[in-house]
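These are the residues of each chain, in order.
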Amino acid sequence: MNTYTLFSKSSARPEHTLVEKIVEDILRKLNRYSISYDQGIIGIDKHIEGIRSLLHLESPDVRIIGICGMGGIGKTTICDQIYHSLALQFGSSSLVLDVQEKIQRDGIDNIRTKYLSELLKEEKEKSPYLSYYNERLKRTNVLLILDDVTDSALLKKLMGGCDSFVHGSRIIMTSRDRQVLRNAGADDIYDVKELNFYDSLKLFSLHAFKQKSSDEIAYMDLSVKVLRYAKGIPLALQILGSLLYGRTREAWESQLQKLEKGKILELSTY
């Protein structure tokens, strides 16, 4: 059973909608802040374990695994951890973050050629022809991770056919939309769930108090209220904690009042 309940005085706004709007607002304004996420991987172990079980690393087949979850849930962090923990088990590997943004900016052919060159360990692109890379890919098993995709047709074009990859290769792709992953041919899909109450409090406290202090106890009642709105979303917990760090109880209460009225976070005021 979900530990979280979101309270809002705006009856016309469902709780999940408000949380998503808060996270979207955070994502849009994130580049204004210098917040370290190196320690923000609390609760990630169970995700890594679950995804590894779907990869079936002992199988000689080519497997495609999808990772699904809303924005801010931690898909990119999970991909980064998986990449660094599994890369050495493959002949070559490539991690492509922000796929959709890079496709729009650089074009799908450039992105595909770049990761193929990385998989084949070439310093620069040697051939404009896809067949050149496909033939060479069949000589080694690879780990390819494509993060943040929204269009299954573009994703298929980006990956090429599975027959391009040798037995034992693994392709991991992430999206907010399960249907995109299904249409792209995912053999299994892992859903990234929200953090439980304990892990949420631990992550929030890490950013709101930086280190254990008397304030952590004195602010416990307000911290629990903040968790209700963050609803177990790691990015929301990290940002809210960092923005409230060093603030007075009055500042915390003021922000909570805005949330209770169904207002989106006013990050620019901090």
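Residues numbered from 1 in each chain as written. Predicted model: local features only at pLDDT ≥ 70, side-chain atom pairs only at ≥ 80, totals over all residues. Heavy atoms only, no water.

**Q** Even after reading the chapter, I still don't get the overall build of the protein chain, so can you show me in this structure?
**A** Counting its secondary structure elements, the protein chain contains 13 helices and five strands. Counting only residues that meet the buried cut, the protein chain has 48% of its 270 residues in that class. Of the roughly 13,800 Å² of accessible surface on the protein chain, a fraction of 48% belongs to carbon and sulfur atoms. (Helix = DSSP H or I, 4+ residues; strand = E, 2+ residues; numbered from the N terminus. Buried < 20%, exposed > 50% of the residue type's maximum accessible area, 1.4 Å probe, protein only. Areas by Shrake-Rupley, 256 points an atom, 1.4 Å probe, with all protein chains shown as cover.)

**Q** Before we go on, may I ask you to explain the packing of aromatic side chains in this structure?
**A** Aromatic ring pairs: the centre-centre distance and the angle between the two ring planes describe each pair. For the structure on display, the rule yields four aromatic pairs. Centre to centre, the rings of Phe204 and Trp252 are 5.8 Å apart; their planes meet at 80°, and the pair counts as edge-to-face. One end of the pair, Phe204, is in helix α9 (residues 197–208); the other, Trp252, is in helix α13 (residues 249–260), and 48 residues separate them in sequence. Residue class for Trp252 comes out buried when judged on its relative accessible area of 2%. Of the aromatic side chains, those joined through ring pairs into one cluster are Phe204, Phe209, Tyr219 and Trp252. Positioned above the aromatic ring of Tyr245 is the side chain of Lys210, whose terminal nitrogen or guanidinium carbon lies 4.9 Å from the ring centre. A cation over a ring is seen here: Arg249 above Tyr219, with NZ or CZ 5.8 Å from the ring centre. (Phe/Tyr/Trp six-rings, centres within 6.5 Å; stacked < 30°, edge-to-face > 60°. Lys NZ or Arg CZ within 6 Å of the ring centre and 35° of its normal.)

**Q** Help me out: how do you make sense of the packing of helix α5 (residues 108–119) against helix α7 (residues 152–159) in this one?
**A** A packed helix pair is summarised by two numbers, namely the angle formed by the two axes and the spacing between the axes. Between α5 and α7, whose axes approach to 9 Å, the crossing angle comes to 40°. Relative to α7, the element α5 lies oblique. Seen along the crossing, α5 lies across α7 with a hand that is right-handed. Judged by residue contacts, Ile108, Asp109, Ile111, Arg112 and Tyr115 of α5 engage Leu154, Lys157, Leu158 and Met159 from α7. Tallied by class, the residues present in the contact of α5 with α7 amount to six nonpolar, no polar and three charged. (Axes fitted to C-alpha atoms, helices over the stretch in contact; angles between N-to-C directions. Parallel < 35°, antiparallel > 145°, perpendicular 65-115°, else oblique. Left-handed = near helix turned anticlockwise from the far one by under 90°. Contact = heavy atoms within 4.5 Å. Nonpolar A, V, L, I, M, F, W, Y, C, P; charged D, E, K, R; others polar.)

**Q** I keep staring at the pairing of strand β2 (residues 92–96) and nothing clicks. Help me out?
**A** Of all five residues in β2, five are buried; the element is thus mostly enclosed. Burial along β2 is two-sided: the residues Ser92, Ser94 and Val96 and Ser93 and Leu95 are all buried. Strand direction decides the pairing type here: β2 and strand β3 (residues 142–146), joined by five bridges, are parallel. Along β3, the bridge assignment pairs Leu95 with Ile145. (Pairing = 2+ DSSP bridges.)

**Q** How should I be thinking about the confidence of the model for the protein chain in this particular structure?
**A** Detailed reading of predicted coordinates is not advised where the pLDDT is low. Predicted confidence across the protein chain gives a mean pLDDT of 79, with 74% of residues reaching 70 or more. Per-element mean pLDDT across the protein chain ranges from 58 in helix α1 (residues 15–29) up to 97 in strand β5 (residues 188–191). When the criterion is pLDDT under 50, residues 1–13 qualifies, and its contacts beyond four places in sequence or with other chains add up to 27 contacts. A low-confidence stretch, residues 29–40 (pLDDT under 50), is modelled with 20 contacts involving residues beyond four sequence positions or located in other chains. (pLDDT = per-residue confidence, 0-100.)

**Q** I tried to follow the environment of Phe204 on my own but got confused; where do I start?
**A** With a relative accessible area of 0%, Phe204 lands in the buried category. Separated by 28 residues in the primary sequence, Phe204 and Gly232 have C-alpha atoms spaced 9.7 Å apart. Setting aside its immediate chain neighbours within four residues, Phe204 contacts Ser223, Val226, Leu227, Leu237, Leu240, Gly241, Leu244 and Trp252.

**Q** Sorry if this is basic, but what is going on with the sheet that holds β2 here?
**A** Note on sheets: strands pair through backbone hydrogen bonds, and any given pair is parallel or antiparallel. The strand order β2-β3-β4-β1-β5 describes an open sheet built from five strands, whose pairing is parallel. Sheet topology places β2 and β5 at the edges, where each strand pairs with a single neighbour. Direction aside, neighbouring strands of the sheet carry axes that sit 15° apart on average. Alignment of strand β1 (residues 63–68) against strand β4 (residues 170–175), held across six bridges, turns out to be parallel. When the sheet's bridge partners are listed, Arg63 is paired in β4 with Arg170.

**Q** It is not clear to me how the packing of α9 against helix α11 (residues 220–230) should be interpreted in this structure. Could you clarify?
**A** Where α9 contacts α11, the axes come no closer than 10 Å and their chain directions differ by 115°. Between α9 and α11, the crossing angle belongs to the class labelled roughly perpendicular. Considering how the two elements wind past one another, α9 and α11 form a crossing that is right-handed. Contacts between α9 and α11 pair Phe197, Ser200, Leu201 and Phe204 from the former with Met220, Ser223, Val224, Val226 and Leu227 from the latter. For the contact of α9 with α11, the residue count by class is seven nonpolar, two polar and no charged.

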